[in-house]
Amino acid sequence: MTPPHRLPAAASLQFSPAEFERRRSAICAAVDRPIVLLGHRDVPRNLPAYGYPFRQSSDVLYLTGCNEAGAGALLHDGALTLFLPEAAPGDALWHGPMPGLEARAAGCYCDAVRPIAELEDAVAAALQGGAIATVAVADDRVNQQLSWWTGRPLSFGDVCGDDDLIEALCVLRRRKSDEEIAAMRRAVAISTQAHLAVASATRPGVSERALVALFEAMLAGAGLSPGYATILTQRGEILHCHSHDDVLAAGAMLLVDGGGELGAPYGNAAGYCADLTRTWPVSGRFSPRQAAVYDVVHQAWRASIAAARPGARYRAVHDAAASVIAQFAIDEGLLRVSVEDAVAMGAHGVLFPHGVGHLLGLDVHDLEAYGDRGSYPSDGARPTGFGSRFLRLDLPLEPGFVVTIEPGIYAVDAIFDDAAVRQSLGDAVDWCKLEAWRGFGGIRIEDDVVIADAGVDILSCDLPRGRSEVEAAVGGGMALEALLRVGG
């Protein structure tokens, strides 16, 4: 029996004032108007007082480090004022006494802190000099207020807001500082331990739901919350499967795509996240067919890592993985064209339908709140063809970019049965031979990497990746019932 996994200490990880000063100076240099940012509010779930877990707007976190619901910020004439809500009558009874504004602003980056009730007058004064700059957030109530101030409709998901501000935020947030990378390294380290704990508890008869509970408990114990809905499934061909209703079966593979984001114990560094995927055999040993496919996915991962370097277009990183998978499909008799033609026409997509990765940072798909603006060049557009239309990033890579590398091979019934795909690819695919792959499932390997001055720095290097190392990590730990202290 292996010893319990030890988590890194959940010590406070604070960004320096210089980190926020760098961000503020760059924003002020790019935007010549007062900037107003409103954070998210608490969102009711099924009763007014029963809400969803709070998650702050990433742009408010980025410019202020403030992780409090209902906050706002005004950046005007080079000074940043943070506006925070005050306690409502009776709050102390239910939630305890609320510290004063100054105490709650400690660790946030601002020149002054004022009650949120004063924000509207402050914005009105700023508007005397002309327009203000702002961006929409994932809260329609907040966007209504912003729309009133700006005089134009703002809605989340439509890339609405001030063009100069959005461009500045995209440029700044794409390139991570040393302090940001250190924060993400912590999120990755803890997420790695959560993956290892789940692997060691994997065995036939265990429920997927119990393993999700273990994964997220490991995050919570170190002061993290899931950065996105955890994917833990034997149906690996469903790319974002959030159902956890099955019991692990001998001979099946378990795909775990999960990562934590830093929470309150990490102060003004909260929000930075990890995104990791591993696939392992439930019984501890891949079948010959599973092993062969796993090795191809690992080879595709290595090809993408080799292609990821400063100056390279991310499409080239994607195509490197696609070429390896296309060659495998040709060797298996599934494709009847060359590797080059397969990638050009998207035929590799019958096994590898998604992009090889995306930006990572304060959001798991960093900057995706602005659509493709943060991930594609201004003179380019996302491709529309099968096999590449789901590529989330195609910029020249720069030192400081943090991206995921996540190739995979999947047998997806919806692709096999898609008449439009069959027509577009035609005889390039041997559809009869492809039928034999139904029910195989899916395998994905995903790591978080920093683009360095030469090559990459793999943040998740401690999470086993080679087939034999992955197999060795499975099933050697305590029974899940003992870990969770349930049962008789």
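Here is a short report on the structure shown in this document. Each chain has its residues counted from 1, running along the sequence as written. Selection of residues for local features in this predicted model requires a pLDDT of at least 70, selection of side-chain atom pairs for listing and counting requires 80 or more, and totals for whole chains, interfaces and linings are taken over all residues. Heavy atoms throughout the structure, all of them, feed into the side-chain values; hydrogens and water do not.

**Thoughts on the side chain of Ser 200**
Phase 1 of the analysis: Put simply, DSSP marks the helices as runs of H or I at least four residues long and the strands as runs of E at least two long, and each gets a number from the N terminus on. Along the chain, Ser 200 turns up in helix H8 (residues 178-201).
Phase 2 of the analysis: Each residue's exposure class comes from its accessible area (1.4 Å probe, protein chains only) as a fraction of the maximum for that residue type: buried when under 20%, exposed when over 50%, partly exposed otherwise. Of the residues examined, Ser 200 reaches a relative accessible area of 8% and is grouped as buried.

**Some words on the packing of H8 against helix H9 (residues 208-221)**
Each packed pair of helices is defined by two parameters, the angle between the axes and the distance between the axes.
Phase 1 of the analysis: Look at H8 against H9: their axes get within 9 Å of each other, and the N-to-C directions meet at 150°. In terms of axis orientation, H8 runs roughly antiparallel to H9. Relative to H9, the crossing made by H8 is right-handed. The residues of H9 that touch H8, namely those facing Ile 190, Ser 191, Gln 193, Ala 194, His 195, Ala 197, Val 198 and Ala 201, are Leu 211, Leu 214, Phe 215, Met 218 and Leu 219.
Phase 2 of the analysis: Each residue gets one label: Ala, Val, Leu, Ile, Met, Phe, Trp, Tyr, Cys and Pro are nonpolar, Asp, Glu, Lys and Arg are charged, and the others, such as Gly, are polar. Residue classes in the contact of H8 with H9 are distributed as 10 nonpolar, 3 polar and no charged. Every axis in this analysis is a line fitted to C-alpha atoms, fitted for helices over the stretch in contact. Angles between the N-to-C directions lie between 0 and 180 degrees. For classification purposes, angles smaller than 35 degrees are called roughly parallel, those larger than 145 roughly antiparallel, those between 65 and 115 roughly perpendicular, and all remaining angles oblique. By definition, any crossing whose near helix is turned counterclockwise from its far helix by less than a right angle is left-handed, and any crossing with a clockwise turn is right-handed. Note on definitions: a residue-residue contact is assigned when non-hydrogen atoms from the two residues lie within 4.5 Å.

**Section: the packing of aromatic side chains**
How two aromatic rings sit relative to each other is set out by the distance from centre to centre and by the angle between their planes.
Phase 1 of the analysis: Pairs were defined over the aromatic rings of Phe, Tyr and Trp, the Trp ring being its six-membered one, requiring ring centres within 6.5 Å. Orientation was assigned from the angle between planes: stacked under 30 degrees, edge-to-face over 60, tilted for the rest. In this structure the tally under the stated criterion is 6 aromatic pairs.
Phase 2 of the analysis: Taking the centre distance of 5.6 Å and the plane angle of 80° together, the rings of Phe 15 and Tyr 272 count as edge-to-face. With a gap of 257 residues between them, Phe 15 in the segment before helix H1 (17-30) and Tyr 272 in the loop between strand S10 (260-262) and strand S11 (276-281) connect regions that are remote in the sequence.
Phase 3 of the analysis: For Phe 15, a relative accessible area of 5% gives the class buried.
Phase 4 of the analysis: Here Phe 328 and Trp 437 contribute two aromatic rings whose centre-to-centre distance is 6.0 Å and whose plane-to-plane angle is 85°, an arrangement assigned as edge-to-face. Remark: Trp 437 occurs in the loop between helix H15 (431-434) and strand S14 (442-444) and Phe 328 occurs in helix H11 (residues 314-331); sequence separation between them is 109 residues.
Phase 5 of the analysis: Through a chain of ring-to-ring contacts, the aromatic side chains of Phe 15, Phe 20, Tyr 109 and Tyr 272 assemble into a single cluster.

**Examining the side chain of Ser 57**
Phase 1 of the analysis: Relative to the helices and strands, Ser 57 resides in the loop between strand S3 (50-51) and helix H2 (58-64).
Phase 2 of the analysis: Not counting residues within four places of it along the chain, the set of residues in contact with Ser 57 comprises Leu 38, Gly 39, His 40 and Val 137.

**Side note on the layout of surface pockets**
Phase 1 of the analysis: Of the volumes computed, that of the largest pocket is approximately 810 Å³.
Phase 2 of the analysis: Taken together, 35 residues line the largest pocket, and the ones lying closest to its centre are His 40, Arg 55, Gln 56, Ser 58 and Asp 363.
Phase 3 of the analysis: Counting residues per element, the ones that place at least two in the lining of the largest pocket are H2, strand S7 (224-226) and S10.
Phase 4 of the analysis: Here the lining of the largest pocket takes 3 residues from H2, the largest share from any one element.
Phase 5 of the analysis: For the lining of the largest pocket, a count of residues per class yields 17 nonpolar, 10 polar and 8 charged.
Phase 6 of the analysis: For cavity detection a 1 Å grid was placed over the protein atoms alone, and a set of points counts as a cavity when a 1.4 Å probe fits there but cannot get out; an open set counts as a pocket when protein lies on both sides within 12 Å along at least five of seven lines, with lining residues being those that have an atom within 4 Å of a point. Grid points are joined across faces, edges and corners, and a volume is the space filled by probe spheres set on the points. Each pocket or cavity is described by its volume, and for the second largest pocket that value is around 530 Å³.
Phase 7 of the analysis: Around the second largest pocket sit 26 residues that line it, and Leu 239, His 240, His 354, His 365 and Arg 392 are the ones nearest its centre.

Nothing here speaks to function; it is geometry throughout.
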